[in-house]
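Single-letter residue listing:
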Amino acid sequence: MDEIRGLGTREEHARLILDSYWRMTGKELLQLSPGEDEAKAIEESSIVILSHGTEADPVLNYGNCMALQLWEMDWETFTSTPSRLTAEPLEREERARFMSRVTADGYVDEYTGVRISSTGKRFYIVSATVWNLIDGDGTYRGQAAAFSDYRRL
């Protein structure tokens, strides 16, 4: 888990998530103390944080502990799952339209939607923010999402 597929180390990916969130929203994703380990803070956050890459059918490339628990997957399974499969089949078309909007606008907050875990448990995400991951050179690296409010269905 030290390397994030195609994105470098955990630390580099943590910085990409935090910096991109700031650039897109003008807000801090997490309130960190000076010198605090960013990768550890994201990993242990009570906020669900996940991301996917730039493939034609984007594959999840990061999920913190809360994301892995919610989707009921281990790291290897989570990071080999196409992100579209986190939604039920009937929700996937709406999800695709939403993700296109994120790509065009840079970020969208207040997203709500139904997702499904690997064991078929459904949950409703409330007020998620989804944003583009853009590195310091302006290169698009995928998308990330964060939310703390969800309800089991």
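Shown above is the structure to which this text applies.
Since the structure is predicted, the reported quantities are computational estimates derived from the model, not experimental observations. (Residues numbered from 1 in each chain as written. Predicted model: local features only at pLDDT ≥ 70, side-chain atom pairs only at ≥ 80, totals over all residues. Heavy atoms only, no water.)

Chemist: Sorry if this is basic, but what is going on with the packing of aromatic side chains here?
Modeler: To describe a pair of aromatic rings, you give the distance between the ring centres and the angle between the ring planes. This structure, assessed with the given rule, holds 7 aromatic pairs. Ring centres 6.4 Å apart and planes at 80° place the aromatic pair Trp-71 and Phe-147 in the edge-to-face group. Highlighted residues: Trp-71 in helix H3 (residues 65-71) and Phe-147 in strand S7 (residues 140-147), separated in sequence by 76 residues. Seen in terms of ring centroids, Phe-123 and Tyr-150 are 6.2 Å apart; in terms of plane orientation they differ by 70°. Their pairing is edge-to-face. Separated by 27 residues along the polypeptide, Phe-123 in strand S6 (residues 122-134) and Tyr-150 in strand S8 (residues 149-152) bring together distant segments of the chain. Judged by relative accessible area, Tyr-150 falls into the partly exposed class, the value being 25%. Here the aromatic residues Trp-71, Phe-78, Phe-123, Phe-147 and Tyr-150 are joined through ring pairs into a cluster of three or more. (Phe/Tyr/Trp six-rings, centres within 6.5 Å; stacked < 30°, edge-to-face > 60°. Helix = DSSP H or I, 4+ residues; strand = E, 2+ residues; numbered from the N terminus. Buried < 20%, exposed > 50% of the residue type's maximum accessible area, 1.4 Å probe, protein only.)

Chemist: I would appreciate a short explanation of the pattern of salt bridges in the present structure.
Modeler: Proximity of charged atoms lets side chains of opposite charge pair with each other. This structure, assessed with the given rule, holds 7 salt bridges. The closest approach of N and O atoms between Asp-57 and Arg-84, which form a salt bridge, is 2.9 Å. One end of the pair, Asp-57, is in the loop between strand S3 (48-52) and strand S4 (60-63); the other, Arg-84, is in the loop between helix H4 (75-78) and helix H5 (92-105), with 27 residues separating them in the sequence. Under the relative-accessibility criterion, Asp-57 is labelled partly exposed at 31%. Given a relative accessible area of 34%, Arg-84 falls into the partly exposed group. (Salt bridge = Lys/Arg side-chain N within 4 Å of Asp/Glu carboxyl O.)

Spatial relationships are all this shows, so hold off on functional conclusions.
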